[in-house]
Amino acid sequence: MMKRRTFAALAGAAAFALTAAFPALAQTVTIKFSHVVAPDTPKGKGALKFKELAEQYTDGAVVVEVYPNSQLYKDKEELEALQLGAVQMLAPSLAKFGPLGVQQFELFDLPYLMDGYDDLRKITDGEVGQTLLGLLDDKGIKGLAYWDNGFKVMSANSPIETPDDLLGLKMRIQSSKILEAQMLALDAVPQVLPFSEVYQALQTGVVDGTENPPSNMFTQKMHEVQKHATVTNHGYLGYAVIVNKAFWDGLDPAVREQLDRAMAEATEYANSIAKEENDWAMAEMVKAGTTTFHEPTEEERAEWIERLRPVHDEMASRIGADLIQQAREVVAAD
């Protein structure tokens with residue numbers, strides 16, 4: 001009982017201090033948070049959690065408007081919109097920073113660099129991840145956090161149990177030289193398309209297949225237009241939550257402190273549900289029965305790795321051989 005009273009007293013004191021900190025603001029601060037996926041994905045839920053916490057912790061001094069499903073901007077438009085100040089916050093996939101001139105982020109696109117979330121955390125939470133976020137400063141962007149989606153499966157309208165099965169298939173990818181090299185290593189034909197156009201492209205045969213974490217595949221209903229998928233878990237799809245740097249630096253320090261707090265908690269929430277959401281989405285797609293999912297054997301997985309790992313060396317001059325080696329050492333460390 002004493003602990004509860006102490007906590008309540010501290011919470012009350014914090015609330016009083018917080019309320020006292022913000023009346024001096026001339027007007028409400030509005031943050032437009034734009035993203036390209038559905039509200040019920042890990043990123044979509046993370047954005048809504050940030051909205052909830054940011055408005056709560058600033059006592060309404062900040063209003064966060066969340067625009068999902070490319071309502072404001074498509075993939076290729078959103079970063080420019082952020083730099084121009086048309087929106088204040090985004091959570092683009094890490095591959096999006098290559099065309100911006102920060103191709104080091106394409107490290108995350110390397111196939112079979114990481115074997116699960118534990119390996120991933122060693123990179124995002126450590127020196128490598130923070131150094132990469134710092135590279136965005138010169139682009140007028142402030143990197144705040146890494147949010148997970150998950151590890152990708154390959155899908156198509158024909159069985160793709162082995163790398164040879166992708167021969168000649170038109171495979172949708174994000175705009176990434178690494179992903180392009182990955183598909184070429186599989187003798188597929190890479191096709192760059194905005195995320196919002198993928199379902200229709202699959203439905204009409206503009207492309208034969210794609211790669212996505214299960215949560216994206218399910219929420220965008222891609223399983224309705226893909227007959228086969230293989231759970232390769234070959235690559236990671238994640239996001240960097242970013243803000244317009246001039247906007248962020250111009251915030252009242254008391255407001256920014258509470259937004260940092262909200263972001264830290266929203267990040268913990270978003271990342272904690274990512275695997276759960278992907279597992280649930282996979283179960284729902286299996287239940288729907290429109291897509292046949294193949295789990296590679298150990299021998300088949302080794303074949304995928306053998307075919308795709310050379311992409312690391314091929315792309316070393318683009319990403320940086322030292323950065324790739326550093327990431328490998330971090331992952332290998334106990």
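Remember, predicted model here, so these are calculated numbers, not experimental data. (Residues numbered from 1 in each chain as written. Predicted model: local features only at pLDDT ≥ 70, side-chain atom pairs only at ≥ 80, totals over all residues. Heavy atoms only, no water.)

Attention now moves to the environment of Glu-78. Mapping Glu-78 onto the fold places it in helix α3 (residues 75-84). A residue is classified by how much of its surface remains accessible, and Glu-78, at 2% relative accessible area, is buried. In this structure, the C-alpha to C-alpha distance between Glu-78 and Leu-323, residues 245 residues apart in sequence, is 27 Å. For Glu-78, the contacting residues outside a window of four places in its chain are Ser-34, His-35, Val-36, Tyr-73, Val-87, Leu-90, Pro-92 and Lys-96. (Helix = DSSP H or I, 4+ residues; strand = E, 2+ residues; numbered from the N terminus. Buried < 20%, exposed > 50% of the residue type's maximum accessible area, 1.4 Å probe, protein only. Contact = heavy atoms within 4.5 Å.)

Pairing is mixed in the open sheet, where five strands are placed in the order β2-β1-β3-β10-β4. Looking at the sheet topology across the chains shown, the edges are occupied by β2 (62-67) and β4 (141-151). Across two bridges, the pairing between strand β1 (residues 29-34) and strand β3 (residues 89-90) is parallel. When the sheet's bridge partners are listed, Ser-34 is paired in β3 with Leu-90. Helix α4 (residues 117-124) rests against β4 and β10 (236-244) of the sheet, and its axis sits at about 170° to β4. (Pairing = 2+ DSSP bridges. Axes fitted to C-alpha atoms, helices over the stretch in contact; angles between N-to-C directions.)

With 36 residues, helix α10 (residues 253-288) extends 50 Å from end C-alpha to end C-alpha; this agrees with the ideal 52 Å at 1.5 Å per step. Along α10, the sharpest change in direction is near 35° and occurs at Ala-274. Downstream of α10 by one or two residues, Gly-289 has phi in the positive range, about 75°. (Expected span 1.5 Å × (residues − 1). Bend = angle between axes of the 7 residues up to and from the residue.)

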